[in-house]
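Coordinate analysis (summary)
Listed here are the chains, written in short residue letters.
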Amino acid sequence: MKKKVLILSVGGTIASVKTENGFKPGLTAESLIEHIPQLEKIANIDARDIKSIPIIDSSNMQPEYWAAMARDVFEALPNYEGIVITHGTDTLAYTSSMLSFMLQGLSKPIIITGAMKSIVEPGTDAKRNLIGSVSFACEDNGGIYVVFNDKIMKGCRVCKMKSQKFDAFCSVNCQDVGCINSDGGVSYNTNTQKMVSPEETTLDDKLDPNIFLLKLIPGTHPEVIDKLLELGYKGIIIESFGCGGVPFIGRNLLPGIKKLIERGVAVVIASQVIYDGVNLTRYEVGRRALDLGVIPTYDMTKEATVTKLMWVLGHTNDLNEVKKMMLTNYCGELSVS
Ligand code: ASP
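First, a word on scope: everything that follows refers to the structure included in this document.

Let us look at the overall build of the protein. The helix and strand tally for the protein stands at 10 helices and 18 strands. Taken over C-alpha atoms, the radius of gyration comes to 21 Å for the protein, in line with the 20 Å a tight globule of 337 residues would show. Principal-axis analysis of the C-alpha atoms gives the protein an extent of 65 × 50 × 35 Å. Taken over 337 residues, the protein has a buried fraction of 51%. Put simply, 71% of the contacts in the protein that link residues at least 6 apart link residues at least 24 apart. Total accessible area on the protein stands at roughly 14,900 Å², and carbon and sulfur atoms take up 50% of it.

Here we come to the sheet that holds strand β13 (residues 186-188). The 8 strands lie next to each other as β4-β1-β5-β7-β8-β9-β12-β13, forming an open sheet whose pairing is mixed. Sheet topology places β4 (43-49) and β13 at the edges, where each strand pairs with a single neighbour. Strand-to-strand twist of the sheet, defined as the mean angle between neighbouring strand axes without regard to direction, takes the value 25°. The strands that helix α3 (residues 63-76) touches are β1 (3-9), β4, β5 (82-86) and β7 (109-113); relative to β5, the one it contacts most, it runs at about 150°.

The next subject is the pattern of salt bridges. For the structure on display, the rule yields 17 salt bridges. Here Glu284 makes a salt bridge to Arg288, at a shortest N to O gap of 3.0 Å. One end of the pair is Glu284 and the other is Arg288, both in helix α8 (residues 284-292) and 4 residues apart, which spans about a single turn. For Glu284, a relative accessible area of 47% gives the class partly exposed. The network of salt bridges with common partners includes Lys151, Lys162 and Asp167.

Turning to helix α6 (residues 223-230), a few remarks are in order. In an α-helix there are 3.6 residues to a turn, and that puts residues three or four apart on one side. Within the span of α6, buried status applies to Ile225, Leu228 and Leu229. Buried residues of α6, viewed axially, fall in a sector of 100°; they line one side. The inward-facing, buried residues of α6 abut β15 (211-215), β16 (235-240) and α7 (254-262). Positive backbone phi, approximately 80°, marks Gly232, located one or two places after α6.

What follows covers unusual backbone geometry. Of note in this structure, Asp150 is not a glycine but carries a positive phi near 70°. Within the secondary structure, Asp150 is located in the loop between β8 (143-148) and β9 (151-154). A positive phi angle, near 85°, is found at Asp276, a position not held by glycine. With respect to the secondary-structure elements, Asp276 resides in the loop between β17 (266-271) and α8. A residue is classified by how much of its surface remains accessible, and Asp276, at 65% relative accessible area, is exposed.

This part covers the nonpolar core. By size, the foremost hydrophobic cluster in this structure holds 56 residues, and its most contacted members are Met69, Ile83, Ile85 and Leu309. Counting 28 residues, the second-largest nonpolar core is a separate cluster that includes Ile33, Ile36, Ala115 and Ile119.

Another point: the site of the ligand. Lining the immediate environment of the ligand, one finds Gly12, Thr13, Asp57, Ser58, Gly88, Thr89, Asp90 and Ala115. Taking Thr89, its side chain carries an N or O atom lying 2.4 Å from an oxygen atom of the ligand. Within the side chain of Asp90, an N or O atom sits 2.7 Å from a nitrogen atom of the ligand. Here the shell around the ligand is composed, by residue class, of 1 nonpolar, 5 polar and 2 charged.

About the cut-offs
Every chain begins its residue count from 1, and numbering advances along the sequence as written. A pLDDT threshold of at least 70 governs which residues receive local features in this predicted model, and a stricter bar of 80 or more applies before side-chain atom pairs are shown or counted, although totals over entire chains, interfaces and linings include all residues. Side-chain numbers come from the whole structure's heavy atoms, not from hydrogens or water. Numbered from the N terminus, helices here are DSSP runs of H or I no shorter than four residues, and strands are runs of E no shorter than two. Here the radius of gyration uses the C-alpha set of atoms, whereas the globule reference equals 2.2 Å times the residue count to the power 0.38. Any residue under 20% of the maximum accessible area for its type is buried, any over 50% is exposed, and the rest in between are partly exposed; the area is computed with a 1.4 Å probe on protein chains only. Two residues form a contact once any of their heavy atoms are found within 4.5 Å. Where accessible areas are quoted, they stem from the Shrake-Rupley method and a 1.4 Å probe; at the residue level, only the protein chains shown are allowed to cover. Paired strands, as defined in this entry, are two strands with at least two bridges between them according to DSSP. Axis definition: a line fit to C-alpha positions, over the contact stretch in the case of helices; interaxial angles, taken between N-to-C directions, run 0 to 180 degrees. By convention in these notes, a salt bridge is any Lys or Arg side-chain nitrogen within 4 Å of a carboxyl oxygen on Asp or Glu. Here, the arc refers to the directions that run from the helix axis to the C-beta atoms. We call a set of buried residues a nonpolar core when its members are Ala, Val, Leu, Ile, Met, Phe, Trp, Tyr or Cys and they connect through side-chain atoms within 4.5 Å of each other. Residues are counted as near a molecule or strand when any one of their heavy atoms sits within 4 Å of it. As used in this structure description, the phrase polar contact means that two N or O atoms lie within 3.5 Å; if the pair is within protein, one of them must be able to donate a hydrogen and the other to accept it, and residues adjacent in sequence are counted only when both atoms belong to side chains. Three residue categories are used. Nonpolar comprises Ala, Val, Leu, Ile, Met, Phe, Trp, Tyr, Cys and Pro, charged comprises Asp, Glu, Lys and Arg, and polar comprises the others, including Gly.

As structure tokens, then:
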């Protein structure tokens with residue numbers, strides 16, 4: 001028997017039309033699926049636009065929209081075997097990460113997908129991505145996933161690596177879950193375990209968007225950190241170099257970081273390097289920061305780090321608790337303890 005799958009549209013290139021001002025979302029979820037009659041052979045499909053938020057180019061994504069999306073998915077879940085969200089690719093990895101924190105204990109698949117070319121453009125990848133997503137939505141495999149260009153990836157591990165090619169997304173510091181075969185079937189990678197949570201699915205949509213990400217360059221002026229303190233951020237992610245080194249010679253950033261932590265701001269150290277992650281104990285430039293009480297991201301992606309920090313700060317401002325939660329693995333986003 002065919003399973004019941006809901007397609008929710010949030011906008012993005014996949015649902016875009018050409019205008020005088022360039023591509024912008026203009027197709028409804030219903031008209032999206034009219035372009036792919038094959039979908040009805042795979043599953044019984046319902047399609048609608050997401051509730052309570054505008055249909056957007058995903059560069060316009062706002063943290064509060066994630067909470068609305070999580071609520072919509074949570075409420076729809078009992079009526080479907082799987083849900084596919086069609087989304088712009090620019091901030092898709094942030095959304096898939098945030099939904100991984102907000103919706104836990106899933107026993108059904110929630111898939112986020114999109115396309116690099118609109119469904120109405122010749123040579124579009126939208127059909128392939130939607131067919132693959134609906135096929136995976138029929139699997140008994142709970143969790144938040146991204147299906148794109150035939151790859152199946154964990155939502156909390158995905159990064160956009162290419163701005164124009166079809167193969168735009170990669171799993172970072174984690175293998176892909178599997179792939180969509182040419183006949184539309186699903187193949188799992190060895191070591192991948194299907195997840196059917198014995199627990200109840202929980203919706204936890206609290207978040208605090210009051211965070212900042214500071215990307216360091218050689219020569220970053222320490223005054224920038226004082227200005228961030230004045231702006232009242234609750235959490236600051238410092239995207240530093242290599243394993244996580246913070247400069248202390250010349251323009252010394254350590255006194256500013258110390259002041260931030262003393263004033264109760266959570267300071268998280270991430271790396272500009274995409275793969276492998278942060279190791280603050282290896283070098284003096286890392287250890288000096290660690291001694292001040294910064295929180296390392298280890299092997300989390302930047303998108304998982306940003307969304308996790310917002311989500312954690314939605315629960316507590318106590319720095320010990322923030323650290324404990326940031327270093328807890330909730331959904332497979334963190335594998336180094
Ligand atoms: N700007 C578009 C968006 O993120 C890009 C895309 O969907 O590929 O909404």
